[in-house]
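Spelled out from the first residue to the last, the chains are:
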Amino acid sequence: MPFSLLKYGLSSDYPVDVDLPAPKELKSSYDVVIIGGGGHGLATAYYLAKYHNITNVAVLEKAYLGGGNTARNTAVIRSNYLTPEGVRFYSESVRMFQSLSNEFDYNIMYSERGQLTLAHTDATVRAFRQRAEVNTHFGGRTEMLDRQQIRELVPSLNMDPGHLPVMAGLWHKDGATARHDAVAWGYAKEAAKRGVEIHQLTEVQDLVIEGGKVRAVKTNRGTIQCGCVVQAVAGHSSILAKKAGFTMPIISYPLQAMVTQPFKPFLDPLVSSSALHCYVQQTSRGEVVFGGGSDPYPLYNTRSTLDLKESLIGAALEMFPFLSQARLMRQWAGTTDMTPDYSPIMGLSPVENYYLDAGWGTWGFKATPICGKTMAELVASGGKTPDLIAPFALERFARFRQVNEMGATAASH
Amino acid sequence: MKIMPCPLNGPRNISEFVYGGELTEMPDPDTTSDREWADYVFFSDNTAGVVIEWWMHAASSYWFIAERHTVTDEILRTYDPSERFTQRIDFPMNHSDTVGDRT
Ligand SMILES: Cc1cc2nc3c(=O)[nH]c(=O)nc-3n(C[C@H](O)[C@H](O)[C@H](O)COP(=O)(O)OP(=O)(O)OC[C@H]3O[C@@H](n4cnc5c(N)ncnc54)[C@H](O)[C@@H]3O)c2cc1C
């Protein structure tokens, strides 16, 4: 062993950095209470401290940091949505992701691979043309590819899967992936450094609402007063909203994914097919990730099913037949809160100082930075909705002003 | 494989069935407010616990009611809608909508 390593190990500087301070007692009151210590809640806390100097903030997490959908997602980052509102919002998020490692001084392993979505029917080709135009207009890098270009980009792809030959592709150069845990940890570390308190194993069990305002939250560690509350609990949005006294346009479905043993690098871009209900990507560790559509019926349960394994693997093998010998390493699920228009719900709620970050369904990891930034703006201004998220207000449903992203979400996440 | 006990066809693989949504009462479209209608169309209880829902057996197009637990993934009871709906429901037709040939 090199002598310098031994010396370093024994020196008082080791370990160099503590990312999160040790847990403390809860204070009796905070200016802002954020429910949910996933990427979204932590990002909101970070931007509150960074841009608005609001640091009397507690993030309350019932289990462990980033152990919800932040830990379960397949980390597809992209902005090739369909509506101007959607593209504008997600493009800003992609831009923020690009500089996050530098900002944190912590590697989130952001890796810009490009995302290829396959069209197997004329209707999909038409929809892709529209998406390419809308994307380009709002500053994303998205174009159509023909069969020959797809073959060159992904030589290992089967161009004629059974009954669904590939006709064209939507090539989104900004498509990327990142280490999802590191995103949560990076936000947590930087928020804590600025004075935000992060409390794990702290479950919000009830809300004290008086005169149309939230006054306190009741937790398993006691009741704390609050100036306002941000709810960022992904798969539990309806449950908390009910405690605040209102219902949501949300139905919760499990979403499953799986990963194979590692292979040498063979697949650079993220490849997805909505007709086959499947997307495939290779991680930087070499494992191949398979993801697909949600389960067929609502549940608050993250069990795995054989039905889904069969259909997802079937579709993945249509795309990459040589993976038939691959061994599955892990399979898991998360509860995803699906909205009728496949867009999130962000902003005000019927309770005056209770802010919503919900309805993130199967697509919310990519929105973590911009969502945190805009939610922080909303909180700091005492409820003035930033333009970027105004279209995603809960109110849109009562006005029949949905932001329809269903076609651009499907199995691409 | 998850089994759904169909009141008409007996126990079948759940992949033969289609989930049809929470059992809720439809407000009268002619008299309800926009907000109430939006509530009926988009909002849902999304209960973590026992729920009462519509389901359909796809192959036979048979609709029935299931009571299920959304946390434990157990199906507690299934039955024919006639157990709940004892009277015929007539949907009033707006005549201008039904005038024949629109090609
Ligand atoms: C299999 C799968 C694949 C996905 N793939 C993608 C993808 O490729 N790209 C993409 O953009 N998105 C994807 N998503 C969606 C994405 O994971 C989520 O939208 C996103 O992680 C939501 O972040 P969050 O911080 O809001 O939620 P979470 O990380 O779930 O954080 C919410 C936290 O709230 C906590 N909580 C809940 N109730 C309480 C309470 N009462 N008190 C205290 N704490 C509470 C939970 O424990 C949890 O840690 C995928 C999801 C799944 C399940």
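Remember, predicted model here, so these are calculated numbers, not experimental data.

A. Region of the structure containing the overall build of chain A. Regarding its fold elements, chain A presents 12 helices and 18 strands. In terms of overall size, chain A behaves like a compact globule, its C-alpha atoms giving a radius of gyration of 22 Å where 413 residues would be expected to give roughly 22 Å. Seen through its principal axes, chain A has C-alpha atoms that stretch 70 × 65 × 40 Å. With 413 residues in all, chain A has 55% of them scored as buried. If you take every contact in chain A between residues at least 6 apart in sequence, the share linking residues at least 24 apart comes to 77%. Mean positive and mean negative side-chain charge positions of chain A (39 and 38 charges, respectively) differ by 1 Å.

B. Local environment of the packing of aromatic side chains. All chains considered together, the criterion is met by 27 aromatic pairs over all chains. A network of ring pairs unites the aromatic residues Tyr46(A), Tyr47(A), Tyr51(A), Phe104(A) and Tyr187(A) as a single cluster.

C. Quick look at the environment of Leu207(A). Residue and element names in this part refer to chain A. Looking at the element boundaries, Leu-207 is found in strand S9 (residues 204-210). A sequence separation of 16 residues divides Leu-207 from Thr-223, and the C-alpha atoms of the two residues are 9.2 Å apart. Apart from residues no more than four positions distant in its own chain, Leu-207 is found in contact with Ile-35, Ala-216, Val-217, Leu-240, Lys-243, Ala-244 and Tyr-354.

D. Molecular detail of the interface of chain B and chain A. Contact with chain B, which involves 25 residues of that partner, is made by 25 residues of chain A. Taken as a group, Phe42(B), Phe43(B) and Asn46(B) account for 32% of the area that chain B buries against chain A, more than any other trio of residues on that side. Counting across the chain B and chain A interface gives two salt bridges. Here Asp73(B) and Arg303(A) are joined by a salt bridge, their closest N and O atoms 3.1 Å apart.

E. Representation of the sheet that holds strand S4 (residues 50-57) of chain B in the model. Residues and elements named next belong to chain B. Taken in spatial order, the four strands line up as S3-S4-S5-S6 in an open sheet, and their pairing is antiparallel. Every interior strand has two partners, whereas the edge strands, strand S3 (17-22) and strand S6 (74-79), have only one. Neighbour to neighbour, the strand axes of the sheet diverge by 35 degrees on average, direction disregarded. Inspection of the sheet shows S3 paired to S4 by four bridges, in the antiparallel sense.

F. How the structure looks around the pattern of salt bridges. All names here are of chain A. Tallied over the entire structure, the rule returns 22 salt bridges over all chains. Here Arg-95 and Glu-92 are joined by a salt bridge, their closest N and O atoms 3.2 Å apart. Within this pair, Arg-95 and its partner Glu-92 are both found in helix H4 (residues 84-98), separated by three residues, close to a single helical turn. Note on Arg-95: relative accessible area 42%, which makes it partly exposed. Across the salt bridge formed by Arg-179 and Asp-181, the nearest N and O atoms sit 3.5 Å from each other. You can call Arg-179 partly exposed: its relative accessible area is 35%. You can call Asp-181 buried: its relative accessible area is 17%. Three or more residues joined by partner-sharing salt bridges are found here, namely Lys-189, Glu-190, Lys-193 and Arg-194.

G. Region of interest: the site of the ligand. Residue and element names in this part refer to chain A. In the vicinity of the ligand there are 37 residues, among which Glu-61, Asn-69, Thr-70, Thr-74 and Lys-366 approach most closely. The backbone of Thr-362 places a nitrogen or oxygen atom 3.2 Å from a nitrogen atom of the ligand. Bound to the protein, the ligand loses 97% of the 1,000 Å² it would expose on its own. Going through the elements one at a time, helix H2 (39-52), helix H3 (69-72), strand S12 (251-262) and strand S16 (328-338) are the ones with two or more residues in the shell around the ligand. It is H3 that contributes the most residues to the shell around the ligand, three residues altogether. Split by residue class, the shell around the ligand holds 14 nonpolar, 18 polar and five charged.

H. Looking closely at the confidence of the model for chain B. Residues and elements named next belong to chain B. Chain-level statistics for chain B give a pLDDT mean of 90 and a share of 90% at 70 or above. Per-residue pLDDT stays below 50 along residues 99-103; that stretch engages in two contacts with residues further than four places along the chain or on separate chains. For this predicted complex, the interface confidence reaches an ipTM of 0.90, while the overall pTM sits at 0.94.

I. Structural context of the packing of H2(A) against helix H8 (residues 180-193) of chain A. Residues and elements named next belong to chain A. Relative to each other, H2 and H8 sit at 30 degrees, their axes nearing to 8 Å. Between H2 and H8, the crossing angle belongs to the class labelled roughly parallel. Here H2 and H8 pass one another in a crossing that is left-handed. On H8, the residues touching Gly-39, Leu-42, Ala-43, Ala-45, Tyr-46 and Tyr-47 of H2 are Ala-184, Tyr-187, Ala-188, Glu-190 and Ala-191. In terms of residue class, the contact of H2 with H8 is made up of nine nonpolar, one polar and one charged.

J. Seen up close, H4(A). Residue and element names in this part refer to chain A. With 15 residues, H4 should cover 21 Å at 1.5 Å per step; its first-to-last C-alpha distance of 21 Å lies within 8% of that length. Residues of H4 that are buried include every one of Gly-86, Val-87, Phe-89, Tyr-90, Ser-91, Ser-93, Val-94, Met-96 and Phe-97, and no others. Residues of H4 that are buried sit in contact with H2, helix H5 (100-104), helix H6 (122-137), H8, strand S17 (345-347) and helix H11 (368-380).

Quick notes on the rules
- In this numbering scheme, every chain counts its residues from 1 along its sequence in written order.
- Labels follow written order: the first chain is A, the first ligand is 1, and so on.
- Residue-level local features of this predicted model are given only where pLDDT is at least 70; pairs of side-chain atoms are given and counted only at 80 or more, and the full residue set underlies all totals for whole chains, interfaces and linings.
- Hydrogens are left out, water is left out, and the side-chain values use all remaining heavy atoms of the structure.
- The helix and strand labels rest on DSSP assignments: H or I over at least four residues marks a helix, E over at least two residues marks a strand, and numbering proceeds from the N terminus.
- Radius of gyration: C-alpha atoms only; globule rule: 2.2 Å multiplied by the number of residues to the exponent 0.38.
- Think of it in three bands: with a 1.4 Å probe and only protein chains considered, a residue is buried below 20% of the maximum accessible area for its type, exposed above 50%, and partly exposed in between.
- For this analysis, residues touch if any pair of their heavy atoms sits within 4.5 Å.
- In this tally, Lys and Arg are treated as positive and Asp and Glu as negative; His is ignored, and so are the chain termini.
- Just so you know, the charge point we use is NZ for Lys, CZ for Arg, CG for Asp and CD for Glu.
- For Phe, Tyr and Trp, rings pair up if their centres lie within 6.5 Å, where Trp contributes its six-membered ring, and each pair is then called stacked (planes under 30 degrees apart), edge-to-face (over 60) or tilted (otherwise).
- When two components associate, each loses some accessible surface as probed by a 1.4 Å sphere; the sum of these losses over both components is called the buried area.
- Should a side-chain nitrogen of Lys or Arg be within 4 Å of a carboxyl oxygen of Asp or Glu, the pair is scored as a salt bridge.
- A pair of strands is labelled paired if DSSP reports no fewer than 2 bridges between them.
- Structural elements are reduced to axes, namely lines fitted to C-alpha atoms, with helices fitted over the stretch in contact, and the angle between N-to-C directions of any two is expressed from 0 to 180 degrees.
- Whether a residue is near a molecule or strand depends on its heavy atoms: if one lies within 4 Å, it is near.
- Here a polar contact means two N or O atoms within 3.5 Å. Within protein one must be a hydrogen donor candidate and the other an acceptor candidate, and residues neighboring in sequence count only if both atoms are side-chain atoms.
- What sets the accessible areas is the Shrake-Rupley method with a 1.4 Å probe; for residues, cover comes only from the shown protein chains.
- In this classification, the charged set is Asp, Glu, Lys and Arg, the nonpolar set is Ala, Val, Leu, Ile, Met, Phe, Trp, Tyr, Cys and Pro, and all remaining amino acids, among them Gly, are polar.
- Every residue carries a pLDDT, the predictor's confidence in it, which falls somewhere between 0 and 100.
- These descriptions rest on fixed angle ranges, namely under 35 degrees for roughly parallel, over 145 for roughly antiparallel, 65 to 115 for roughly perpendicular, and the rest for oblique.
- Two helices cross in a left-handed way if the nearer one is turned anticlockwise from the farther one by less than a right angle. They cross in a right-handed way if the turn is clockwise.
- Given the number of residues in a helix, its expected span is that number minus one, multiplied by 1.5 Å.

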